[in-house]
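Per-entry structural report
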Amino acid sequence: MNKLIRYVAFKVLELALGKWKCIWCSKVLEGESFMDLITASSKEEGGQHVHGWENITLLEEEATLANKLLA
């Protein structure tokens, strides 16, 4: 069961596109998959991934929806 859960989580992260922001720095990228970000970050940093990515697309959509509801 754990293998299935890890596989599904990996596939969701692999396919998740949107707007990504690094937790540690101000880097923001759009339209990248999570796995592409990891690969690009590793190449950029000489093989060590130092960015912590969060998908901010959903946060922006939630804020827009909240503002519509409050208006």
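Here, the structure is the one placed above.
In short, a report on the structure. All figures in this text were calculated on a predicted structure; none of them were measured in a lab. (Residues numbered from 1 in each chain as written. Predicted model: local features only at pLDDT ≥ 70, side-chain atom pairs only at ≥ 80, totals over all residues. Heavy atoms only, no water.)

Below, the discussion takes up the sheet that holds strand S1 (residues 19–22). Overall, antiparallel pairing links the three strands, which are arranged S2-S1-S3 in an open sheet. The sheet is open, and its two edges are formed by strand S2 (28–30) and strand S3 (53–55), each paired on a single side. Ignoring which end each strand starts from, the neighbouring axes of this sheet average 25° apart. Pairing geometry for S1 and S3, over three bridges, is antiparallel. Among the inter-strand pairings, tryptophan 20 is bridged to a residue of S3, identified as asparagine 55. Running at roughly 155° to S3, helix H2 (residues 34–44) makes contact with S1, S2 and S3 of the sheet. (Pairing = 2+ DSSP bridges. Helix = DSSP H or I, 4+ residues; strand = E, 2+ residues; numbered from the N terminus. Axes fitted to C-alpha atoms, helices over the stretch in contact; angles between N-to-C directions. Contact = heavy atoms within 4.5 Å.)

Our focus in this paragraph is the side chain of serine 42. By secondary structure assignment, the location of serine 42 is in helix H2. Separated by 2.9 Å, the side chain of serine 42 and the backbone oxygen of isoleucine 38 make a polar contact. Discounting residues that sit within four places of it in the chain, serine 42 has contacts with Gly47, Gln48 and His49. (Polar contact = N/O pair within 3.5 Å; in protein donor to acceptor, adjacent residues only side chain to side chain.)

Right, let's talk about the nonpolar core for a bit. Listed in full, the six residues of the largest apolar core are Ala16, Trp20, Cys22, Phe34, Leu37 and Trp53. Of all the secondary-structure elements, those providing two or more residues to this core are S1 and H2. Beyond its immediate chain neighbours, meaning those up to four positions away, leucine 37 contacts Trp20, Leu29, Glu32 and Trp53. (Core = buried A, V, L, I, M, F, W, Y, C linked by side-chain atoms within 4.5 Å. Buried < 20%, exposed > 50% of the residue type's maximum accessible area, 1.4 Å probe, protein only.)

Turning to the packing of aromatic side chains, a few remarks are in order. Inspection of every chain in the model, using the stated rule, returns one aromatic pair. Between tryptophan 20 and phenylalanine 34, the aromatic rings sit 5.6 Å apart at their centres with planes inclined by 45°, giving tilted as the arrangement. Of this pair, tryptophan 20 sits in strand S1 while phenylalanine 34 is found in helix H2, placing the two residues 14 residues apart along the sequence. A residue is classified by how much of its surface remains accessible, and tryptophan 20, at 4% relative accessible area, is buried. (Phe/Tyr/Trp six-rings, centres within 6.5 Å; stacked < 30°, edge-to-face > 60°.)

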